[in-house]
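Residue strings, one per chain:
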Amino acid sequence: MLTGGGRAVGVLDLHGGRVRFVHPREPTALLDDEDVAADQAYPPYWAEVWESGVELAHAVSARSLTGASVLELGCGLGLPSLAAALGGARVLATDRAADALAFAGANAAENGVTVETAVCAWADPAPVLARAPWDIVLAADVLYGQRGIDELTPLLPRLVQDGEVWVADPGRPLAPSFLAAAKERWAVVETLPTRQHDVRIHRLQGPRG
């Protein structure tokens, strides 16, 4: 799985207390010198500890999710998935990178819970659509590329019926266009603050049509 740089241990403060997680010590060590084109198309962003993921995990941990079905898209290290599982949810963490899923699963096991994982690209979402509708869909810092937004925007309403979508974002330039499109597809679109000034959680509910 991790061939260079080793692992580091981080600490995550949740409403239920402090938990530990592992992450690559040097994310740049994951770059593949033999496949530069692949790294340019899909850099190993999953290996970073992003503030949006930390804040989304903290927000998720404030809710009791016993028995809820929770899906995380682009899970990276899986911190929001970990928080949901600790809250009693049945969680599926997805990412296009298999290495990310290995860390998400390891972080759940480190804290005594189970998070199911699956490789899934938004352009080919059959694995997550097959199990819809979900009670909560989570995504952290996924609004950084137009291609991703073009795939994510029509996908999200297909994933829930009476559930919610929470998208944490640190103020990426493309976030306003995502929200404008969301207001055409969702009955409720609201933006909530977090502990970090730059990070907001966009909550979507009630898909139209």
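Structure's up top.
This part is about helix H4 (residues 98–110). Taking 1.5 Å of rise per residue, the 13 residues of H4 would be expected to cover 18 Å, and the 18 Å separating its terminal C-alpha atoms lies within 8% of that figure. Listed as buried for H4 are Ala100, Leu101, Phe103, Ala104, Asn107 and Ala108. Taken end-on, H4 shows its buried residues confined to a sector of 160°, consistent with a single buried face. Those residues of H4 that are buried lie in contact with strand E1 (7–14), strand E2 (17–24), helix H3 (79–86), strand E4 (90–95) and strand E5 (116–119). Just past H4, the residue glycine 112 takes up positive phi, approximately 75°.

Overall, the coordinates contain eight salt bridges when judged by the stated rule. Two residues, arginine 131 and glutamate 116, come together in a salt bridge whose shortest N-O distance is 2.9 Å. Taken together, the positions of arginine 131 in the loop between helix H5 (126–129) and strand E6 (136–140) and glutamate 116 in strand E5 put the pair 15 residues apart, joining distant regions of the chain. A salt bridge links arginine 203 to glutamate 190; the shortest N-O distance between them is 2.6 Å. Of this pair, arginine 203 sits in strand E9 (residues 200–207) while glutamate 190 sits in strand E8 (residues 186–193), and the two are 13 residues apart along the sequence. Classification of arginine 203 as buried rests on a relative accessible area of 14%. Linked by salt bridges that have partners in common, Arg63, Glu164, Glu190 and Arg203 make up one network.

Leu12, Leu56, Val60, Leu65 and Val70 are the most contacted members of the largest nonpolar core, which has 38 residues in total. Looking at this core, the elements that each hand over two or more residues are E1, E2, helix H2 (51–60), H3, E4, H4, E6 and strand E7 (164–169). If near-sequence neighbours (up to four positions away) are discounted, valine 60 is found in contact with Leu65, Pro80, Ala83, Ala84, Leu138 and Trp166. Among the nonpolar cores identified, the runner-up in size contains 25 residues, and Val137, Leu143, Ile149 and Val167 belong to it.

Moving on, we get to the packing of H2 against H3. The packing of two helices is summarised by the inter-axis angle and the distance between the axes. Two elements in contact, H2 and H3, have axes separated by 8 Å at closest approach and are oriented at 10°. Between H2 and H3, the angle falls in the class roughly parallel. Seen from H2, the contacting residues are Gly53, Val54, Leu56, Ala57 and Val60; seen from H3, they are Leu79, Pro80, Ala83 and Ala84. In terms of residue class, the contact of H2 with H3 is built from eight nonpolar, one polar and no charged.

Residue position: aspartate 141 is located in the loop between E6 and helix H6 (146–155). With a relative accessible area of 8%, aspartate 141 lands in the buried category. A polar contact of 2.8 Å, which involves the side chain of aspartate 141, links it to the side chain of arginine 172. Those residues within four positions of aspartate 141 in sequence are excluded, and the remaining contacts are Trp50, Ser52, Ala168, Asp169, Pro170 and Arg172.

Quick notes on the rules
Residues numbered from 1 in each chain as written. Predicted model: local features only at pLDDT ≥ 70, side-chain atom pairs only at ≥ 80, totals over all residues. Heavy atoms only, no water. Helix = DSSP H or I, 4+ residues; strand = E, 2+ residues; numbered from the N terminus. Expected span 1.5 Å × (residues − 1). Buried < 20%, exposed > 50% of the residue type's maximum accessible area, 1.4 Å probe, protein only. Arc of directions from axis to C-beta. Contact = heavy atoms within 4.5 Å. Salt bridge = Lys/Arg side-chain N within 4 Å of Asp/Glu carboxyl O. Core = buried A, V, L, I, M, F, W, Y, C linked by side-chain atoms within 4.5 Å. Axes fitted to C-alpha atoms, helices over the stretch in contact; angles between N-to-C directions. Parallel < 35°, antiparallel > 145°, perpendicular 65-115°, else oblique. Nonpolar A, V, L, I, M, F, W, Y, C, P; charged D, E, K, R; others polar. Polar contact = N/O pair within 3.5 Å; in protein donor to acceptor, adjacent residues only side chain to side chain.

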